[in-house]
Amino acid sequence: MPINDQCIRWQPTAEFGARRLRADLYRYIRDYFSEQGVLEVETPLLSSAANSDPAIESITADAGGHCRYLRTSPEFPLKRLLCHHSSAIYELGKVFRASEQGSSHNPEFTMLEWYRPGWDHLQLADEVIELVSGSTKRSLNVQRLSYQDLFDDALGIDALDGKTDDIVAAAEKRGAPTGLNKQQALDYLLSAVIAPSFGNRQLTLITGFPAAQAALSRIDPNDARVCQRFELYVGSAELANGYHELTDPAEQARRFQSDQQTRQRNGQAVSVLDQRLIAALQAGLESCAGVAVGIDRWLMWLGGYDRIGQVLNFDWESA
Amino acid sequence: MATYSTNEFRSGLKILLDGDPYNIVENEFVKPGKGQAFNRARVRNLKTGRTVEKTWKSGETVEAADIFEKPLQYLYSDGEFWYFMEPETFEQLGADEAAMGESLQWIKEEDVCMVTLWNGQPLVVEAPNFVELQITDTDPGVRGDTSGGGGKPATLETGAVVRVPLFVNQGEVIKVDTRTGEYVSRVKE
């Protein structure tokens, strides 16, 4: 055994106050859902199928000769629970995403995800705003904008109908690498240029995302250019991502396949599709809205911390 | 050719951009939950010292710069190059004026400097943080003045000029902070 000559840092990366803040927030969340009649549930961390989203990489685990995937969100098993018995449910737990590390990213982080049968994404967005507002005594200013208005106000760019070349050029002018496609350029502009300018006491609700960024939300029946998805930013941090959930099993299977094709084209790992989710959707998912919230960023915002390591007892480097 | 993925980016990593060596000062990971991830880094050009911001798609690779730092002993100058010796192999390396930068006004023979080598050649020579140098020329001090009110210029044996307190005399050895170019104290022989 080498002797610890004080070169090995064993201490937590979070101060004691951050531990208390986390415990208080968990209690607040559980009290809120208990009062609302939303049931806390638990689903597996290790799954036999991976998330197909090309923007998210799973961490794999050797489960004794075969491979399992650490979940990147509890979305699929929670939807299977809803298909079995449709009632409001939530899960508060750890999720994992390979290589996501930075001042507001840790490959292992805590996610709160919940579902409201019978609601649409706008009703759920209101609840997220209510829940987040209730966690602080600060007075907040809530901004509600469509994706298109947000880009128009901030940069004078038409994010939905603008020409790809113009959008890519606008991103490159503001420091983006060359060779981006339209959606990547929009991603860059939102996360590197627009969001950093949001005020700290501002909650920004963005709705009307481009249909190409629908992920697992429905396409708007009245406007096929956009989907029924929202995001909530607290200050400049992306906190919540919610959908009026896709319930059509055939459309779900198509999106899985399209993800797989994108992964193949990019040379990314292509893993088994979650056939159990498709089977559950075939059995029937009641119309519902669902949202995922990043607990660690919520804590950063509440405590005024600027690095995620300050709210994690042991961050990725010291875990 | 060695390369780094953006996933390996961290401060201090040395990379090659448009043929120039850069040091990563700060790296930030930017990613929307459902979208393209980017690495946005502040990088310093090791040749010019200039810092710029640059963004990559996460997962892209960047060429590594063959950069490392070594303490080398200064031997002499022929006016065009300043020659340093690797103390173990006795190998000699010449640094040009650009690599010497401000350091050339502080060092004298046998001083050990931290030298940044790029592809084995001196790129940046850093003088020691503190050097002790003799004053070769300064006006006589004023009797009774013990603190350095305004001070006066003094020329050192290397040619550098620093402001010293009035009580410091020609022929004395003083300690200088090379990072600020400021007088620190007299050195008792």
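Up top is the structure these notes are about.
Residues numbered from 1 in each chain as written. Chains lettered and ligands numbered in written order. Predicted model: local features only at pLDDT ≥ 70, side-chain atom pairs only at ≥ 80, totals over all residues. Heavy atoms only, no water.

Draft legend 1. Looking closely at a negative patch on the surface. All names here are of chain A. Taken together, the side chains of Asp149, Asp152, Asp153 and Asp158 define an acidic patch exposed on the protein surface. Structurally, the position occupied by Asp149 is in helix H4 (residues 147-155). Given a relative accessible area of 39%, Asp149 falls into the partly exposed group. (Patch = residues over 30% accessible without salt bridge, like charges linked within 9 Å, V, L, I, M, F, W, Y side chains within 5 Å. Areas by Shrake-Rupley, 256 points an atom, 1.4 Å probe, with all protein chains shown as cover. Salt bridge = Lys/Arg side-chain N within 4 Å of Asp/Glu carboxyl O. Lys, Arg positive; Asp, Glu negative; His and termini not counted. Charge placed at Lys NZ, Arg CZ, Asp CG, Glu CD. Helix = DSSP H or I, 4+ residues; strand = E, 2+ residues; numbered from the N terminus. Buried < 20%, exposed > 50% of the residue type's maximum accessible area, 1.4 Å probe, protein only.)

Draft legend 2. Seen up close, the interface of chain B and chain A. Tallying the contact residues gives 15 residues for chain B and 25 residues for chain A. In this assembly, chain B packs against chain A so that about 1800 Å² is buried in total across both faces, 49% of it on carbon and sulfur atoms. The largest per-residue losses of area from chain B upon contact with chain A belong to Phe29, Lys31 and Lys34 of chain B, which jointly make up 37% of the total buried on that side. Where chain B packs against chain A, one counts two salt bridges. A salt bridge links Glu100 of chain A to Lys31 of chain B; the nearest nitrogen and oxygen atoms lie 3.4 Å apart. Our enumeration of links across chain B and chain A arrives at eight residue pairs in polar contact (both at pLDDT 80 or more). Contributions of two or more residues to the side of chain B that touches chain A are made by strand S3 (20-30), strand S4 (38-45) and strand S5 (51-57) of chain B. Class assignment for the residues of the side of chain B that touches chain A results in five nonpolar, five polar and five charged. (Contact = heavy atoms within 4.5 Å. Buried area = accessible area lost by both parts, 1.4 Å probe. Polar contact = N/O pair within 3.5 Å; in protein donor to acceptor, adjacent residues only side chain to side chain. Nonpolar A, V, L, I, M, F, W, Y, C, P; charged D, E, K, R; others polar.)

Draft legend 3. Just unusual backbone geometry, in detail. Residues and elements named next belong to chain B. We note that Glu110 has phi near 80 degrees; this positive angle belongs to a residue other than glycine. Examined against the element boundaries, Glu110 turns out to sit in the loop between helix H1 (97-100) and strand S10 (112-118). Despite not being glycine, Asn119 shows a phi value in the positive range, around 50 degrees.

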